[in-house]
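# Commentary on secondary and tertiary structure
As a plain string of letters, each chain reads:
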Amino acid sequence: MSKIVLFFLIATVTADELLKIERCSPLFAELNTCTLVNLHYNKTNFEFMAHYDPVSTLKVRVLNSSLPKLGKNGICMTKYSSSTDLSITELDLKNAEIEEILPTAFENCVALQKINLKNNKIAILEPETFSKNRELQIIDLTSNLIRSLHDKIFADLTNLKELRLCNNFLVEFEPQLIANCVNLETLRLDSNELFDLKVQKITKNENLKTIAFNNNQLRCAKMRKIEENLREKNIFVDPEYEGRAKIIPTNDSQMLCLDDIAWTAAHYVFMYDKETTDD
């Protein structure tokens, strides 16, 4: 008889608590995948346990669910200490209405290689969020509410190959964010609010092959220089972008950008808002 264990998913557990058990849906049976359907919790009542076989399960995903808070005991935590119990390599948490992720939410996902957090309501990520996920290769944070990132958020991810931050509200992207991501191949920053992009420092990542930064607040002259620089380094500039166009194109170019006057006005408003907020 194979060992079936209880994994803790978004749970804070004490010995006296009896948490609701969520089981994999048989309607979405897929090889090596546990699909959890119709999970509806709130920020006060967010504790439950997911029940699946750790030997055969490599991927956990949620569908039709509302999980505003991912809790501190993490998604991949098991009652057993055997390393074979910590086999989850992929988490699909897109469209789950996530607003808050506690710093230790993924700390037990030591084998995690891919995480999809697309189309949620995440505004802040703590610097420790991915600190235990050293095997991560793909992070998708597309279409959230992120305005800034702590400079240590990706510091431990030397195996990261693809980082997607499209369609957020980033006004700055410091190269220090990916300084330790020595294997990074794809960086997507399209559809944010970037006024500048320090491409000379970003391209110090020698394995970088593709970058997307269309549909931001960049001035056209700057974008042309960036494209020229990247072409010289044989880095592909992907003109595709997520979400709606923020700028009405003024020519036949696929790249959406601001002329000098429009950029100066937009940057002035940004700096004014920043000073007001800091005060």
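Bear in mind that the values here come from a model prediction, so they are computed numbers and not experimental data.

Attention now moves to the sheet that holds strand β8 (residues 90-92). Ordered by their spatial adjacency, nine strands build an open sheet running β3-β5-β8-β10-β11-β12-β13-β14-β15, and the pairing between neighbours is parallel. The sheet is open, and its two borders are formed by β3 (33-37) and β15 (236-237), each paired with just one other strand. Pairing analysis gives three bridges linking strand β10 (residues 114-116) to strand β11 (residues 138-140), with the strands arranged parallel. Paired with Asn-116 across the strands is Asp-140, a residue of β11.

Here we take up the environment of Thr-57. Examined against the element boundaries, Thr-57 turns out to sit in the loop between β4 (48-52) and β5 (59-63). Judged by relative accessible area, Thr-57 falls into the buried class, the value being 6%. The sequence separation of Thr-57 and Glu-30 amounts to 27 residues, and the corresponding C-alpha distance is 9.9 Å. Excluding its chain neighbours within four sequence positions, the residues that come into contact with Thr-57 are Asn-32, Cys-34, Tyr-52, Ser-87 and Ile-88.

Before going further, it helps to spend a moment on the state of the cysteines. Applying the stated rule across the entire model yields two disulfides. What pairs with Cys-220 in a disulfide is Cys-257, and their sulfur atoms sit 2.1 Å apart. Since a negative S-S torsion denotes a left-handed disulfide, the Cys-220-Cys-257 link at about 95° is right-handed. Taken together, the residues span a long stretch of sequence, with Cys-220 in helix α2 (residues 220-232) and Cys-257 in the loop between β15 and α3 (260-278) at a distance of 37 residues. One exposure class covers both Cys-220 and Cys-257, and it is buried. Of note for the chain: the bonded cysteines, numbered N- to C-terminal, pair according to 1-2, 3-4.

Thresholds applied
- Residues numbered from 1 in each chain as written.
- Predicted model: local features only at pLDDT ≥ 70, side-chain atom pairs only at ≥ 80, totals over all residues.
- Heavy atoms only, no water.
- Pairing = 2+ DSSP bridges.
- Helix = DSSP H or I, 4+ residues; strand = E, 2+ residues; numbered from the N terminus.
- Buried < 20%, exposed > 50% of the residue type's maximum accessible area, 1.4 Å probe, protein only.
- Contact = heavy atoms within 4.5 Å.
- Disulfide = S-S within 2.5 Å.

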